[in-house]
Every structure is written in C-alpha cells, then in structure tokens.
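Close look at the chain arrangement
The residues making up each chain are set out below.
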Amino acid sequence: MDWSEDGDILALGTGTYETMVFIFDALALVGACEAKTLVTRELTDDVEAAVNIDVIGPVSLSDFRISGASRGIRVLASELLRITSVRLHRTTETALWTSPTEPEVEVFLEDVVISETQLDPEGEFGLAIEINSGGSVTLYRTLIDQSRRGGIYLDGERSALRM
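The following refers to the structure shown. The model shown is predicted, which means the values in this text are computed figures rather than measured ones.

Turning to its location among the elements, Ala 77 is positioned in strand β8 (residues 71-77). Remark: the alpha-carbon pair of Ala 77 and Ile 53, spanning 24 residues in sequence, is separated by 6.4 Å. For Ala 77, the residues in contact, after removing those within four places along its chain, are Ile 53, Asp 54, Val 55, Ile 56 and Val 105.

Structure representation (structure tokens):
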C-alpha cells in the first residue's frame, strides 16, 4: 500500500488478488464481500503472509477472504487491529500471527471464520491463532474449525485471549 495515507479507506472489488498486502498506514481495507473478494498468495520460504501489518495506528480489515498456501495475517505492529467479516481458509502454518512487540498489539475479531489451517511442509504449526508476548486477541462471534495442529497458542507472559 505504497500510495496510501493514514485514514484512507481502500476498497477491494470482487475478484482474486494474488499478492502480498503490506499495510504501513493506519487505514481500512474493505472487500466487496467475503464470498467474492479473495486475497491469496503461494507459500514461499519467507515469513511474509498474505496480509502483513506494520504500523503504529488503528487498522481495519473487513469483508474479504484469505486463502491459499500462505500464512494468513501477520501483525508486526498495530496499536489496534479490527478484523470483521473475514474468512481465513486453508492458510498454512498460522492463520493469524502476532509478533512479540512493544507497544502491545491489540486485535479484535468479529464474525470471523478460520477454517482448515494447514501444516507447513515440515509438518509443523497448523494453528488458527498464535499470540506472542505483547499481543492481545479478543474473539467475538469467531469460529475456528479444523485447524490441523491446534486452535489458539499463547506464548509469553504478556499474551492475552479474551472471548
């Protein structure tokens, strides 16, 4: 999102977006609808996800689907991330991952479905959500279905899960 600025609302139309998304500004990324707007990326050896967030400021993701052989959402920094009406389907390793970070990352999931998270090529991970030290995730009307290794993993004394 090289051309975005804080406060922008970026709309994704219906269709398939075979790319990595990098968010460096406080903004909203809004799809046309979860059923018809897809962000996908093939798995590579790097740690990047289909959607990567690295900004000190609020970010909102809504109304699209993330699927494919890539990790889903990777949060390096964001003081507040709201994910609404998003489906993470058949992502690899971890559907939602928060980095050990300062300041703390706060993520709210509402009306989110995480389904069929796959193992990586070495047979590891397959987690729906991994919350690392400094991360807090709140789930509201969120479904986790058929993650290959586990549902939610908390790592570090400052990680928190609220339901």
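There is more to say, and it comes next.
Bringing the sheet that holds strand β14 (residues 150-155) into the picture now. An order of β3-β6-β8-β10-β12-β14 is seen for the six strands of this open sheet, with the pairing classed as parallel. The open sheet has two edge strands, β3 (21-23) and β14, and neither has a second partner. The sheet shows a mean angle of 10 degrees between the axes of neighbouring strands, direction not considered. Pairing between strand β12 (residues 127-132) and β14: five bridges, direction parallel. Residue pairing for β14: Asn 132 is matched across the bridge by Asp 155.

So, on to the pattern of salt bridges. Under the counting rule described, the total for this entry stands at six salt bridges. Measuring nitrogen to oxygen at the nearest pair gives 3.2 Å for the salt bridge that ties Glu 110 to Arg 141. Note that Glu 110 is positioned in strand β11 (residues 105-115) and Arg 141 in strand β13 (residues 135-145), a separation of 31 residues in sequence. For Glu 110, a relative accessible area of 29% translates into the label partly exposed.

The space that makes up the largest pocket amounts to roughly 160 Å³. Forming the boundary of the largest pocket are Val 47, Arg 71, Ile 73, Arg 74, Glu 93, Thr 94, Trp 97, Phe 125 and Glu 130. Looking at the lining of the largest pocket, the elements with two or more residues in it are β8 and β10 (94-98). Counting residues per element, the lining of the largest pocket draws most heavily on β8, at three residues. When the residues that make up the lining of the largest pocket are grouped by side-chain class, the tally is four nonpolar, one polar and four charged.

A few words now on the nonpolar core. Grouped together as the largest cluster of nonpolar side chains are 33 residues, with contacts concentrated most on Val 51, Leu 61, Ile 73, Ile 83 and Leu 109. In contact with Ile 83, not counting residues within four places along its chain, are Leu 61, Ile 73, Leu 96, Val 107, Phe 108, Leu 109, Glu 110 and Val 112.

On to the pairing of β8, then. Counted residue by residue, β8 has six buried out of seven residues, so it is predominantly covered. Pairing analysis gives five bridges linking strand β6 (residues 49-54) to β8, with the strands arranged parallel. Across the sheet, Val 51 pairs through a bridge with Ile 73, a residue of β8. Bridge count for β8 against β10 is three bridges, and the pairing is parallel. Across the sheet, the residue bridging to Val 75 is Thr 98, located in β10.

What counts and how
- Residues numbered from 1 in each chain as written.
- Predicted model: local features only at pLDDT ≥ 70, side-chain atom pairs only at ≥ 80, totals over all residues.
- Heavy atoms only, no water.
- Helix = DSSP H or I, 4+ residues; strand = E, 2+ residues; numbered from the N terminus.
- Contact = heavy atoms within 4.5 Å.
- Pairing = 2+ DSSP bridges.
- Axes fitted to C-alpha atoms, helices over the stretch in contact; angles between N-to-C directions.
- Salt bridge = Lys/Arg side-chain N within 4 Å of Asp/Glu carboxyl O.
- Buried < 20%, exposed > 50% of the residue type's maximum accessible area, 1.4 Å probe, protein only.
- 1 Å grid on protein atoms, 1.4 Å probe; cavity = no way out; pocket = protein on both sides within 12 Å on 5 of 7 lines; lining within 4 Å.
- Points joined across faces, edges and corners; volume = space filled by probe spheres on them.
- Nonpolar A, V, L, I, M, F, W, Y, C, P; charged D, E, K, R; others polar.
- Core = buried A, V, L, I, M, F, W, Y, C linked by side-chain atoms within 4.5 Å.

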